[in-house]
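Overview (structure and organization)
Now for the letters of each chain:
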Amino acid sequence: MDRTQFGYLLTKLQENGLSREHSHGKTKYMANQNSFRELSDKFNLSVSSAHRTVLQVLTILSRIGPTFISWPNGCEKGASAAAFQRTCGLAGVIGAIDGCHIQIQKPAIRGVDYMNRKGFCSVLLQGIVDEKGRFIDIFAGPPGRVHDARMLRASDFFLEWHQKMGEYFLLGDSAYISQAFPFICAPKRDNGRLTEAEHQLNARISRGRVIVEQAFGCLKCKWRRLRDLQNTRTDIVVMVIMAACFLHNMRYGLQDGDRNWRTMMTGLKTLQDGNWKGTRKGVQDWRVMR
């Protein structure tokens, strides 16, 4: 994050009530894995003040962050489709979708539900990115044991994909091979009987969807707090994940002036007491994982 980007972030935080002397600690918190004791020593604060400041900034970013994540309009879809066609040779593609594990400490409530197939506890982040690796839709909060396809079906984006996608498609991996996802172009399973044309199609899909994996890699490299979140409150974990996505897009938004950042956001979820509360009526309870 350069001086211009940090200055813009600082201005936004101050406009929402954060003092200037407390603004630098948040970026330090997100960009490193320092403890609150180390942060308090560096910025001459008490541990409780450092913790309170981080929570305050997370709350502010939850309020202003959606400015930096928006679904593309018609012109932007056309530009994305042209860019993806140049990259992978597939027409009508405007983005790539995938899921990402964010490692966390085992929650006290139904912690076994967060143990993923890789052997550690995690919260899932579903991201859809455009041709430049910018998030155009995020969905955070499901426990690590949830399959990517199930996470997509539970997201608000899935309820609105007809209106959002229109005649366009997304690129995805083999987790999205299903008739329930006609808007996702996924590779065919290699059972030893694929034709040469099908092998070439799989290669093109892989070449196009690598952008979402690169976006997740950049997200974790730039905001290293996501490599291992020590928070035990899952609602704070989700706020940190969303804040990192907002900051990721803020960097790209300031670098690429062609982006029209509208105040619109879909798929934001909050976890409280092991329940995944969304914008839809009712509560998604993830106790039944099998």
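Residues numbered from 1 in each chain as written. Predicted model: local features only at pLDDT ≥ 70, side-chain atom pairs only at ≥ 80, totals over all residues. Heavy atoms only, no water.

Our working definition: UniProt positions are given in the numbering used here, feature names are shortened, and annotations may be inferred rather than shown by experiment.
Looking at an unreviewed UniProt entry, one finds the chain named DDE Tnp4 domain-containing protein, with Paramormyrops kingsleyae as its source organism. Among the UniProt annotations of the chain, the heading Subcellular location (unreviewed entry) holds the following wording: "Nucleus".

1. Let's talk about unusual backbone geometry
Put simply, the test is: Secondary structure elements follow DSSP: runs of H or I no shorter than four residues count as helices, runs of E no shorter than two count as strands, and numbering proceeds from the N terminus.
Although it is not a glycine, Arg110 adopts a positive phi angle of roughly 50°. By the element assignment, Arg110 lies in the loop between strand S1 (93–103) and strand S2 (122–129).

2. Let's talk about the pattern of salt bridges
Oppositely charged side chains are able to pair whenever their charged atoms sit close together. For the record, the criterion: The rule for a salt bridge is simple: a side-chain nitrogen of Lys or Arg has to be within 4 Å of a carboxyl oxygen of Asp or Glu.
Scanning the model with the defined rule gives 5 salt bridges in all. Between Asp130 and Arg134 there is a salt bridge, and its shortest N-O distance comes to 2.9 Å. Between Arg233 and Asp235 there is a salt bridge; the shortest N-O distance is 2.7 Å. One continuous salt-bridge network, built from bridges that share partners, spans Asp137, Glu160 and Lys164.

3. A word on the environment of Ile136
Looking at the element boundaries, Ile136 is found in strand S3 (residues 135–143). Taking C-alpha positions, Ile136 is 8.9 Å from Asn249, a pair spaced 113 residues apart along the chain.

4. Looking at the side chain of Asn116
The test is simple: The term polar contact refers here to a pair of N or O atoms within 3.5 Å; inside protein, the definition further demands a hydrogen-donor-capable atom paired with an acceptor-capable atom, and it admits residues adjacent in sequence only when both atoms are side-chain atoms. Should any heavy atoms of two residues lie within 4.5 Å, those residues are counted as being in contact.
By the element assignment, Asn116 lies in the loop between S1 and S2. There is a polar contact of 2.8 Å between the side chain of Asn116 and the backbone nitrogen of Lys118. With near-sequence residues (within four places) excluded, Asn116 lies in contact with His101, Ser122, Gly144 and Arg145.

5. A word on the environment of Leu152
So the rule is basically this: The buried label applies to any residue whose accessible area, calculated with a 1.4 Å probe on protein chains only, is under 20% of its type's maximum; exposed applies above 50%, and partly exposed to all values in between.
Within the secondary structure layout, Leu152 lies in helix H6 (residues 148–154). On the basis of relative accessibility, which here comes to 0%, the residue Leu152 falls in the buried class. Between the C-alpha atoms of Leu152 and Tyr176, which are 24 residues apart in sequence, the distance is 8.9 Å.

6. A look at the confidence of the model for the chain
Selection criterion: Each residue gets a pLDDT score, which is the predictor's confidence in that residue and runs from 0 to 100.
Overall, the predicted model of the chain reaches an average pLDDT of 80, with 82% of residues at or above 70. Long-range and interchain partners of residues 257–290, a stretch whose pLDDT sits below 50, account for 108 contacts in this model, where long-range means more than four residues apart.

7. Some words on helix H9 (residues 196–222)
The line we're drawing: Here the expected length of a helix is defined as 1.5 Å per residue gap, with one fewer gap than residues.
Compared with an ideal rise of 1.5 Å per residue, which puts 27 residues at 39 Å, H9 spans 39 Å between its outermost C-alpha atoms and is within 8% of the ideal. Buried residues of H9: Asn202, Ile205, Gly208, Arg209, Ile211, Val212, Ala215, Phe216 and Leu219, and no others.

8. Considering the state of the cysteines
What we call a disulfide is simply a covalent bond connecting the sulfur atoms of a pair of cysteines. Test applied: Any cysteine sulfur atom paired with another within 2.5 Å is treated as part of a disulfide.
In the structure shown here, the tally under the stated rule is 0 disulfides. Not engaged in a disulfide, the cysteine Cys100 finds its nearest cysteine sulfur in Cys245; these two sulfurs lie 8.8 Å apart. Residue Cys100 is classed as buried on the basis of its relative accessible area, which comes to 9%. Cys221 takes part in no disulfide bond, and the closest cysteine sulfur to it belongs to Cys218, at a distance of 6.8 Å. When its relative accessible area of 47% is taken as the criterion, Cys221 is described as partly exposed.

9. Focus: the sheet that holds S1
We apply this condition: We call two strands paired when DSSP finds no fewer than two bridges between them. The convention used is that axes are lines fitted to C-alpha atoms, helices contributing only their stretch in contact, and that angles between N-to-C directions extend from 0 to 180 degrees.
A sheet is described by the order of its strands in space; here 5 strands give the open sequence S3-S2-S1-S4-S5, paired in mixed fashion. With partners counted over all chains shown, the strands left at the sheet margins are S3 and strand S5 (184–185), one partner each. The strands touched by helix H5 (residues 74–88) are S1 and strand S4 (169–171); relative to S1, the strand with the most contacts, the crossing angle is about 80°. On top of the sheet, H9 reaches S1, S2, S3, S4 and S5; it is set at about 40° to S1, its chief contact.

10. Some remarks on the packing of H5 against H9
Stated precisely, the cut-off is as follows: Any angle from 65 to 115 degrees is called roughly perpendicular, while one under 35 is roughly parallel, one over 145 is roughly antiparallel, and all others are oblique. Definitions for this section: a left-handed crossing has its near helix turned counterclockwise from the far helix by less than a right angle. A right-handed crossing has that turn clockwise. Amino acids are sorted into nonpolar (Ala, Val, Leu, Ile, Met, Phe, Trp, Tyr, Cys and Pro), charged (Asp, Glu, Lys and Arg) and polar (every other residue, Gly among them).
Interhelical geometry of H5 versus H9 gives an angle of 130° and a closest axis separation of 9 Å. It follows from the interaxial angle that H5 and H9 lie oblique. The handedness of the crossing between H5 and H9 comes out as right-handed. Between H5 and H9, the contacting residues are Phe84, Thr87 and Cys88 on the first element and Arg204, Arg207, Gly208 and Ile211 on the second. The residue makeup of the contact of H5 with H9, split by class, is 3 nonpolar, 2 polar and 2 charged.

11. Points about the layout of surface pockets
We count it as follows: Grid points spaced at 1 Å and placed over the protein atoms alone form the basis of the search, with a cavity being a set where a 1.4 Å probe fits but cannot get out and a pocket an open set showing protein on both sides within 12 Å along at least five of seven lines. Lining residues have an atom within 4 Å of a point. Grid points are joined across faces, edges and corners, and a volume is the space filled by probe spheres set on the points. An automatic or database domain assignment is the source of the domain bounds shown.
The calculated volume of the largest pocket comes to roughly 420 Å³. Forming the walls of the largest pocket are 17 residues, and the residues nearest its centre are Gly99, His101, Arg117, Lys118 and Asp148. Per-element tally for the lining of the largest pocket: the top contributor is S1, with 4 residues. Each residue belonging to the lining of the largest pocket can be placed in one class, and the counts come to 6 nonpolar, 5 polar and 6 charged. Approximately 260 Å³ is the volume found for the second largest pocket. Residues of the lining of the second largest pocket, tallied by class, amount to 6 nonpolar, 7 polar and 3 charged. Of the domains in this structure, domain 1 (3–66) and domain 2 (69–232) are the two that each give at least three residues to the lining of the second largest pocket.

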